[in-house]
Amino acid sequence: MRTIAIRATVVAAFVAVFGTSASVFAQVSQTSQQLATAAAPETRKLTADEAVRLALENNLGIRVARIDPQIQDTNILNAKTGWTPNFSTTFSSNSNDAPNQSFLAGAQGTKTSSDQVLSNIGVNQTLPWGGNYEVGWDSSRFNSNSSYSTFSPQLRSTAVFNYTQPLLRNWKIDNTRQQVAITSKNREIADVGLRQTIATTTRTVRNAFWDLAYAIASLGVQRQSLDLANESLRDTRSRVEIGTTPPIDIVEAEAEVARRQEAVIVAEGQIGDAEDALRTLVFDPNSPDFWTIKIEPTELPPFAPVTVDVNAAVKNALSRRTDLEQSRKSIEADDINIRFYRNQSLPDVNASINYGLQGLGGTQLTRGNGPFGPGTGDVLSSSQRGFGTVLSDLFQNTYPNWTAQLTIGYPIG
């Protein structure tokens, strides 16, 4: 209708200005044809396979389904952070002045003073098989006015390695392994969900494509029926004019033509509805011509009969249906939870081993007899043990110590 209005307007304008000569009408016709061509919507010819390919690229439901596996990948990485090594470091400084309460304080005067600077570097990690290790290195500098201090200032360095392994509870599965296994199953379920969305969308697109093809073919049939009804009306009028048919038959023929016209209008509306349904499935909604582009199917559905092996179809459905596969993986995720909770009901038995090294240095003081006994008097001499000597004692395993421990815990009741 819009194209006809444009043509009429152009014709009226040219007639008003130039008259009605043949050349003018030729110019008007050419201009109106150009306007009609420019205003005509674009027609996209599609096969069923091309429609499916466009849907896989542009369908919003598939776009959303593709995000879910990415979310589950992030959840897996988040769960695996429980196995990430943790680095820690501490620096502290402490100064303490305390009043002497007895001669055992070891300081002459009214108070005992001490200053300490401490640094610590450590790494700890929970391992994928449930064990936990911790490695630490401490260094400190301590200074005191106590007569009992052999080193002042005193340099100390220690290295500690500790490993703990659960033997019953948290041995085969723990909270981190449970979360990793559950999120991995959720990732598999998301993959199956994506396949299900693709399969469902593909089926929907093919159905919408054949619905459009059917609607177009149905319109052709209805137009043919309208032509036959019009021809029947003309024949009826001719028979009435020659007196072989009563005039009432014209009314019946006209009613049939009206019914066929209604069927044509309904068929045209069905084409628009089917075209809109297919358009929303295969085209990008952000495209500027999303609602104006016309779709023209270029193939007909296959009419060859297909023989179906019922037993093979059932077997294929049981092994490949995505909803059944999702249910199976959900059951596997529940089995993981059951295995974890059963493990948590076991006694808490942990074996641990601790191994440490230490070195000591600084300014070593030699004292004479004092009020608190030998070695608590005035400083007679001093010798130096630098930090390099402390590290040498440490790494040469001069002063090792170790502890092996078995801990058993079980809640009563």
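On a predicted model such as this, the values are computed, not experimentally measured, just so you know. (Residues numbered from 1 in each chain as written. Predicted model: local features only at pLDDT ≥ 70, side-chain atom pairs only at ≥ 80, totals over all residues. Heavy atoms only, no water.)

### Points about the overall build of the chain
- On a plain count of helices and strands, the chain comes out with nine helices and nine strands.
- Relative to its 413 residues, the chain shows a buried fraction of 29%.
- For the chain, the accessible area works out to roughly 25,900 Å², and carbon and sulfur atoms hold 57% of it. (Helix = DSSP H or I, 4+ residues; strand = E, 2+ residues; numbered from the N terminus. Buried < 20%, exposed > 50% of the residue type's maximum accessible area, 1.4 Å probe, protein only. Areas by Shrake-Rupley, 256 points an atom, 1.4 Å probe, with all protein chains shown as cover.)

### Quick word on the nonpolar core
- Core analysis: the largest hydrophobic core is formed by 30 residues, its most contacted members being L46, V205, L278, V282 and F283.
- Elements with a minimum of two residues in this core: α3 (48-58), α5 (175-242) and α6 (248-282).
- For L278, the contacting residues outside a window of four places in its chain are V205, A208, F209, L212 and I295. (Core = buried A, V, L, I, M, F, W, Y, C linked by side-chain atoms within 4.5 Å. Contact = heavy atoms within 4.5 Å.)

### Considerations on the pattern of salt bridges
- A full pass over the atoms with the stated rule returns 18 salt bridges.
- Linking D284 and R63 is a salt bridge whose minimum nitrogen-to-oxygen distance equals 3.8 Å. Taken together, the positions of D284 in the loop between α6 and β6 (294-297) and R63 in helix α4 (residues 60-80) put the pair 221 residues apart, joining distant regions of the chain.
- When the shortest N-O distance is used, the salt bridge between K185 and E188 registers 3.5 Å. Here K185 pairs with E188, and both are found in helix α5, just three residues apart, close to one helical turn. (Salt bridge = Lys/Arg side-chain N within 4 Å of Asp/Glu carboxyl O.)

### Re unusual backbone geometry
- Look at N170: it is not a glycine, yet its phi comes out positive at around 70°.
- With respect to the helices and strands, the residue N170 is situated in the loop between β5 (151-166) and α5.
- With phi around 55°, N397 is a residue other than glycine that occupies positive phi space.

### So, the packing of α3 against α4
- Running from N to C, α3 and α4 cross one another at 50°; their axes reach a closest spacing of 6 Å. What the angle tells us is that α3 and α4 run oblique. Of the two possible hands of crossing, α3 and α4 adopt the one that is right-handed. Of the residues in α4, those touching α3 at A55, L56, E57 and N58 are L60, I62, R63 and R66.
- Among the residues forming the contact of α3 with α4, the class breakdown is four nonpolar, one polar and three charged. (Axes fitted to C-alpha atoms, helices over the stretch in contact; angles between N-to-C directions. Parallel < 35°, antiparallel > 145°, perpendicular 65-115°, else oblique. Left-handed = near helix turned anticlockwise from the far one by under 90°. Nonpolar A, V, L, I, M, F, W, Y, C, P; charged D, E, K, R; others polar.)

### Observations regarding the confidence of the model for the chain
- Confidence in the prediction of the chain, expressed as mean pLDDT, is 83, and 83% of residues score 70 or more.
- Looking across the chain, the model is least confident in helix α1 (residues 2-18), with a mean pLDDT of 40, and most confident in helix α8 (residues 322-344), with 94.
- For the stretch residues 1-29, pLDDT sits under 50, and the model shows 18 contacts to residues farther than four places along the chain or on other chains. (pLDDT = per-residue confidence, 0-100.)

### Points about the packing of aromatic side chains
- For the structure on display, the rule yields three aromatic pairs.
- Between F209 and W210, the ring centres sit 4.9 Å apart and the planes meet at 80°, which makes this aromatic pair edge-to-face.
- The partly exposed category is assigned to W210, whose relative accessible area is 21%.
- Seen from their ring centres, F290 and W291 are 4.8 Å apart, and the 85° between their planes marks the pair as edge-to-face.
- By relative accessible area, which is 5% here, F290 ends up buried. (Phe/Tyr/Trp six-rings, centres within 6.5 Å; stacked < 30°, edge-to-face > 60°.)

### A look at the environment of Y214
- As for its position among the elements, Y214 is in helix α5.
- C-alpha of Y214 to C-alpha of A274: the two residues are 60 residues apart in sequence and 9.3 Å apart in space.

### Regarding a nonpolar patch on the surface
- Judged by side-chain polarity, L167, L168, W171, L346, L406 and I408 come together as a nonpolar surface patch covering roughly 560 Å² of accessible area.
- Assignment of secondary structure puts L406 in strand β9 (residues 400-409).
- Given the relative accessible area of 54%, L406 is considered exposed. (Patch = residues over 30% accessible without salt bridge, like charges linked within 9 Å, V, L, I, M, F, W, Y side chains within 5 Å.)

### Re the pairing of strand β4 (residues 132-144)
- Pairing between strand β3 (residues 111-126) and β4: 13 bridges, direction antiparallel. Counterpart to L118 in the pairing with β4 is S140.
- Linkage of β3 to β4, two consecutive antiparallel strands, is achieved through a turn of five residues, within which G130 is found at a positive phi near 100°.
- Bridge analysis of β4 against β5 gives eleven bridges, and the strand direction is antiparallel. Residue pairing across strands places E134 opposite N162, the latter belonging to β5. (Pairing = 2+ DSSP bridges.)

### Brief notes about α6
- A rise of 1.5 Å per residue sets the reference length of α6, with its 35 residues, at 51 Å; its end C-alpha atoms lie 52 Å apart and thus fit the reference within 8%.
- Among the residues of α6, those classed as buried are I250, A253, V257, V264, A267, I271, A274, E275, L278, R279, L281 and V282.
- The inward-facing, buried residues of α6 abut α3, α5 and β6. (Expected span 1.5 Å × (residues − 1).)

### Here we look at the environment of K185
- Under the relative-accessibility criterion, K185 is labelled buried at 17%.
- For the pair K185 and A333, spaced 148 residues apart in sequence, the C-alpha separation works out to 6.2 Å.
- Setting aside its immediate chain neighbours within four residues, K185 contacts K329, E332, A333 and I336.

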